[in-house]
Amino acid sequence: MTMRPSCDARDFDALMAEVMATAERFGHREHVHLTWLAVRRVGVSAAVGLIGEGIQRTARYARVPQKYHATMSRAWVELVGHHATEHGEDDFTAFAGHHTALLDKRLLTRFYHPATLTSSQARTGWVEPDRAPFPWQDPSRRQPQDEEAL
């Protein structure tokens, strides 16, 4: 895994091209794949910015800037990053097969109340989980062999 301190639009575009080379459309699985690639290439902290800025730029370009959601973007990077660094699979298909809960686009509702996620504060900035802590925030909450529990 290559760690670089700063990333730009070209980095996001290159990751997007890599994901789309084998995909017919850009759905949730492709979002997770993009995030996994970013985390592996630049680390979780840099991936938060890279993915957030890339998605925000893409939404502006598509003339739907309201689709960008700051809390969801960061939460997904942190969730994918947690599992990517914990297990270190070198292949996305293996990673996705091992962490199937990440392929459920409703996963964040395990950690956030729906009203929190729909708030303008969550759309425009970071909001901590208000339903349950993330796995790395409460290690006693998760059994090591129970990936579905996240």
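Above this text is the structure in question.
Residues numbered from 1 in each chain as written. Predicted model: local features only at pLDDT ≥ 70, side-chain atom pairs only at ≥ 80, totals over all residues. Heavy atoms only, no water.

## Topic: the environment of T58
Within the secondary structure, T58 sits in helix α3 (residues 44-61). Each C-alpha atom, one on T58 and one on Y68, is 8.9 Å from the other, the two residues being 10 residues apart in sequence. Only 2.8 Å separates the side chain of T58 from the backbone oxygen of G54, close enough to count as a polar contact. (Helix = DSSP H or I, 4+ residues; strand = E, 2+ residues; numbered from the N terminus. Polar contact = N/O pair within 3.5 Å; in protein donor to acceptor, adjacent residues only side chain to side chain.)

## Some remarks on the pattern of salt bridges
By the definition in use, this model includes five salt bridges. Of the charged contacts, one joins R41 and E18 as a salt bridge, the two residues approaching to 3.0 Å between their closest N and O atoms. A residue pair is termed long-range when its members are at least 10 positions apart, and R41 in helix α2 (residues 28-42) and E18 in helix α1 (residues 9-20) qualify at 23 residues. By relative accessible area, which is 35% here, E18 ends up partly exposed. A salt bridge links D90 to R40; the nearest nitrogen and oxygen atoms lie 3.2 Å apart. Here D90, found in the loop between α4 (70-87) and α5 (92-98), pairs with R40, found in helix α2; they are 50 residues apart in sequence, far enough to count as distant. The class of D90 is exposed, set by a relative accessible area of 65%. (Salt bridge = Lys/Arg side-chain N within 4 Å of Asp/Glu carboxyl O. Buried < 20%, exposed > 50% of the residue type's maximum accessible area, 1.4 Å probe, protein only.)

## Quick notes on the packing of aromatic side chains
Applying the stated criterion across every chain yields a total of six aromatic pairs. When the ring of F92 is compared with that of F95, the centres are 6.2 Å apart and the planes differ by 35°; the resulting orientation is tilted. Residue F92 and its partner F95 are both found in helix α5; the two are separated by three residues, about one turn of the helix. On the basis of relative accessible area, F92 is assigned to the buried category, the value being 7%. Aromatic rings pair up to connect F111, Y112, F134 and W136 into one cluster. Its end group placed over the ring of W126, R74 keeps NZ or CZ at 4.0 Å from the ring centre. (Phe/Tyr/Trp six-rings, centres within 6.5 Å; stacked < 30°, edge-to-face > 60°. Lys NZ or Arg CZ within 6 Å of the ring centre and 35° of its normal.)

## Focus: unusual backbone geometry
For R63, which is not glycine, the phi torsion reads 65° and is therefore positive. Topologically, R63 is positioned in the loop between α3 and α4. In this structure R63 comes out as exposed when scored by relative accessible area, which is 74%.

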